[in-house]
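Each chain, written out:
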Amino acid sequence: MSFVLPSAYAAGSTALPSPEELPANTVAVVSEVPLDLGRITQAELQRALVEVAAAAGRDSVPGPGDNGYRGLKDEAFGQRLDFIWIEGQAAMMGIDVSPRRVARELALIKNQSFESGAEYQRYLKEAHFTQRDVRERVRVQLLTTRIQNRVERRGGGGLAGFKAFKQFVDAYAERWRARTVCTPEYVTDRCSNGPPPG
């Protein structure tokens, strides 16, 4: 299946399509990141919803009209946006993490958190995670740490670095919100076409 956006939008462009221009299976698009990274499809959101429901101790995802669905959907959507925004911010800052570094960190986490390979596999099954999901989470965590360390270091370290990071976070949210457009049924205050944050 190919994915085509209006000619006004291209990866790396600041122009955003209108919500009505998004393809039927797309929930949101974030500009200024590679197109394969900068969109959330309904299938990706559904996978995230299953994972969030499992983390909340639910055996299944409630239906759209059921109690708790909206909160789980918003959490899953926010999580997918976080991954895109962090990847985009890291790219803007020239920060990357090699697959080898991700593999080493994952091995360390598995060693510290699980007594056996079988226990780790049980965890994956219960959380509805694939190996790819886990590697993505480890990568995003490593990128987040590197972003924070760089901002704090450039801010002078210590309390000054902490203040610099707080200012960075405030600007970060607004910067990436302005680059995000969502379909009407998924719009939140994290979308440029949504209500103001707060």
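Everything discussed here concerns the structure shown above.
Just so it is clear, the structure is predicted and the values come from calculations on it, not from any experiment.

(A) The pairing of strand β1 (residues 26-30), seen in detail. The buried count for β1 comes to five of five residues, which makes it a mostly enclosed element. Of the pairings in the sheet, the one linking β1 to strand β2 (residues 39-41) comprises three bridges and is antiparallel in character. Bridge assignment links Val29 to a residue of β2, and that residue is Arg39. Bridge analysis of β1 against strand β3 (residues 180-182) gives three bridges, and the strand direction is antiparallel. Paired with Val30 across the bridge in β3 is Thr180.

(B) Region of the structure containing the packing of helix α3 (residues 99-113) against helix α5 (residues 131-154). Following both chains from N to C, one finds α3 and α5 inclined at 105°, their axes separated by 9 Å at the closest point. Between α3 and α5, the angle is such that the two are roughly perpendicular. Here Arg101, Val102, Glu105, Leu106 and Ile109 of α3 lie close against α5, whose contacting residues are Gln131, Val134, Arg135, Val138, Arg139, Leu142 and Arg146. Residue classes in the contact of α3 with α5 are distributed as six nonpolar, one polar and five charged.

(C) Region of the structure containing the environment of Asp133. Along the polypeptide, Asp133 turns up in helix α5. Assessed through its relative accessible area of 9%, Asp133 is described here as buried. Along the backbone, Asp133 and Trp176 are 43 residues apart, and their C-alpha atoms lie at a distance of 23 Å. Apart from the residues lying within four places of it in its own chain, the contact partners of Asp133 are Arg47, Glu51 and His128.

(D) Broad picture of unusual backbone geometry. For Glu32, which is not a glycine, the phi torsion comes out positive at approximately 65°. Within the secondary structure, Glu32 is located in the loop between β1 and β2. Of the residues examined, Glu32 reaches a relative accessible area of 28% and is grouped as partly exposed. Despite not being glycine, His128 shows a phi value in the positive range, around 60°. Among the secondary structure elements, His128 is positioned in the loop between α4 (117-127) and α5.

(E) Up close: the pattern of salt bridges. For the coordinates displayed, the defined rule picks out 11 salt bridges. The partner of Arg70 in a salt bridge is Asp74, with the nearest N and O atoms 3.3 Å apart. Of this pair, Arg70 and Asp74 are both found in helix α2 (residues 69-92), four residues apart, which corresponds to roughly one turn of the helix. Residue classification places Arg70 among the partly exposed positions, given a relative accessible area of 44%.

Cut-offs used in this document
Residue positions are counted from 1 within each chain, in the order its sequence is given. Only residues with pLDDT of at least 70 get local features here, since the model is predicted, and only at 80 or more are side-chain atom pairs given and counted; chain-wide, interface and lining totals rely on the full set of residues. Only hydrogens and water are set aside; all other atoms, that is, all heavy atoms of the structure, feed into the side-chain values. Buried, partly exposed and exposed residues are distinguished by accessible area as a fraction of the type maximum, computed with a 1.4 Å probe on protein chains only: under 20%, between the cut-offs, and over 50%, respectively. Helix and strand labels come from DSSP, where a helix needs a run of H or I of at least four residues and a strand needs a run of E of at least two; each type is numbered from the N terminus. Strand pairing requires that DSSP identify at least two bridges connecting the strands. Axes here refer to lines fitted to C-alpha atoms; in helices the fit is confined to the stretch in contact. Angles between the N-to-C directions go from 0 to 180 degrees. Here the angle decides the label: under 35 degrees means roughly parallel, over 145 means roughly antiparallel, 65 to 115 means roughly perpendicular, and every other value means oblique. Here, residues are in contact when the closest pair of their heavy atoms is within 4.5 Å. Side-chain classes are defined by residue name, with Ala, Val, Leu, Ile, Met, Phe, Trp, Tyr, Cys and Pro counting as nonpolar, Asp, Glu, Lys and Arg as charged, and the others, Gly among them, as polar. Salt bridges, as used here, are contacts in which a Lys or Arg side-chain nitrogen is within 4 Å of a carboxyl oxygen on Asp or Glu.

These results come straight from atomic positions and should not be treated as a statement about function.
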